[in-house]
Amino acid sequence: MKAEELLRNRLQSPMLRLRYTGAMGQVEWKLKMVNADLSMRQNRQVIRSMTGRIKDADSIARKLRKKGKPVTLEAARECLNDIAGIRVVCYFCDDIDLVAEALRRQQDLRIVKEKDYVRQPKRSGYQSVHMIVGVPICYERWTEEIRVEIQIRSFAMDYWAELDTQMCYKKEHGQAEHVEKKISGYSAILAGVDNQMLELRRSIER
Ligand code: 0O2
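Residues numbered from 1 in each chain as written. Predicted model: local features only at pLDDT ≥ 70, side-chain atom pairs only at ≥ 80, totals over all residues. Heavy atoms only, no water.

(A) Structural view of the site of the ligand. The immediate surroundings of the ligand are formed by 20 residues, with K55, K113, D164, Y169 and K170 found nearest. The contact in question runs from an oxygen atom of the ligand to an N or O atom on the side chain of R53, over 2.8 Å. K55 places a polar side-chain atom, nitrogen or oxygen, 2.6 Å from an oxygen atom of the ligand. Residue assignment for the shell around the ligand shows that the elements contributing at least two residues are strand 3 (110–116) and helix 6 (155–169). Counting residues per element, the shell around the ligand draws most heavily on helix 6, at four residues. Within the shell around the ligand, the residues separate by chemical class into four nonpolar, five polar and eleven charged. (Near = heavy atom within 4 Å. Polar contact = N/O pair within 3.5 Å; in protein donor to acceptor, adjacent residues only side chain to side chain. Helix = DSSP H or I, 4+ residues; strand = E, 2+ residues; numbered from the N terminus. Nonpolar A, V, L, I, M, F, W, Y, C, P; charged D, E, K, R; others polar.)

Written out as structure tokens, the structure is:
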């Protein structure tokens, strides 16, 4: 049996799926509370949308190979932080820090790792804050920590990332250099507009 097929079969185990969907559900619920609290304080909606997903077997296998790891469930659980992932899209770029800070204050989530691709965008132009959180899943006699990746970005950053995924990011051999240069430049233009919108909102609030 091919490694991917074996992985696919093992990922279909109901107990395993429930652990990941359970952890993701807990984080989604927390994010809804965070949104309700922040939106009340800011007097406007902070989170525009939230989407969760469990990474599929092909994508897990591709990532394990890219990291030089064996295509097994054990390697996936050990090496991948994003088997369960949630994408949080905020209206404004300053909302990202508000959401990240609120998550850091949650006592029952362990912050495993953070990456700030907003302050330091990737070469491609990709911007987002990534937080890996550990969620305790309690079951009868044992407790297991399941890692969930939370990607937090603005509406403009999300627009760029979605189009980049379609045109460049997931292409096997990347894209021609001039295409990559253009898309990276558009990310900087969008970041400029994002900041101008923020300034406008602040001037209205004043
Ligand atoms: P998918 O289908 O979105 O899940 P880690 O193991 O935690 O240290 P990791 O995950 O290897 O780090 O790398 P990284 O760069 O921190 O995060 C990878 C994820 O960020 C990707 O997941 C994408 O979702 C997103 N991403 C990173 N760079 C880009 C980019 O240039 N363009 C776009 N559109 N998205 C990007 P996956 O698993 O690749 O895909």
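(B) Inspection of the pairing of strand 2 (residues 84–90) at higher detail. Counting buried residues along strand 2, six of its seven residues qualify, which places the element largely inside the surrounding structure. Relative to strand 2, strand 1 (residues 47–54) is paired through seven bridges, and the arrangement is antiparallel. Counted as the bridge partner of S49 is V89 from strand 2. Where strand 2 and strand 5 (residues 142–154) come together, seven bridges link them in parallel fashion. Looking across to strand 5, one finds that I86 is bridged to I150. (Buried < 20%, exposed > 50% of the residue type's maximum accessible area, 1.4 Å probe, protein only. Pairing = 2+ DSSP bridges.)

(C) Highlighting helix 3 (residues 57–66). Those residues of helix 3 lying buried are A57, S59, I60, A61 and L64. Looking at the packing, one finds that the buried side of helix 3 touches helix 1 (3–11) and helix 4 (73–79). At the N-terminal boundary of helix 3, the capping side chain belongs to D56, with an oxygen 3.3 Å from the backbone nitrogen of D58. Positioned one or two residues after helix 3, G68 has a phi angle of 70 degrees, which is positive. (Contact = heavy atoms within 4.5 Å.)

(D) Highlighting the packing of helix 2 (residues 14–42) against helix 5 (residues 95–104). Put simply, helix 2 and helix 5 touch, their axes get as near as 10 Å, and they point 125 degrees apart. Compared by their axis directions, helix 2 and helix 5 come out oblique. Here the hand of the crossing between helix 2 and helix 5 comes out right-handed. From helix 2, L31, V34, L38 and Q42 reach across to helix 5, where they touch L98, V99, A102 and L103. Within the contact of helix 2 with helix 5, the residues separate by chemical class into seven nonpolar, one polar and no charged. (Axes fitted to C-alpha atoms, helices over the stretch in contact; angles between N-to-C directions. Parallel < 35°, antiparallel > 145°, perpendicular 65-115°, else oblique. Left-handed = near helix turned anticlockwise from the far one by under 90°.)

(E) Region of interest: the environment of Q127. Relative to the elements of secondary structure, Q127 occurs in the loop between strand 3 and strand 4 (129–139). Taking C-alpha positions, Q127 is 8.4 Å from D158, a pair spaced 31 residues apart along the chain. Q127 has contacts with Y117, V118, P121, R153, M157, S187 and A191, leaving out every residue within four places of it along the chain.

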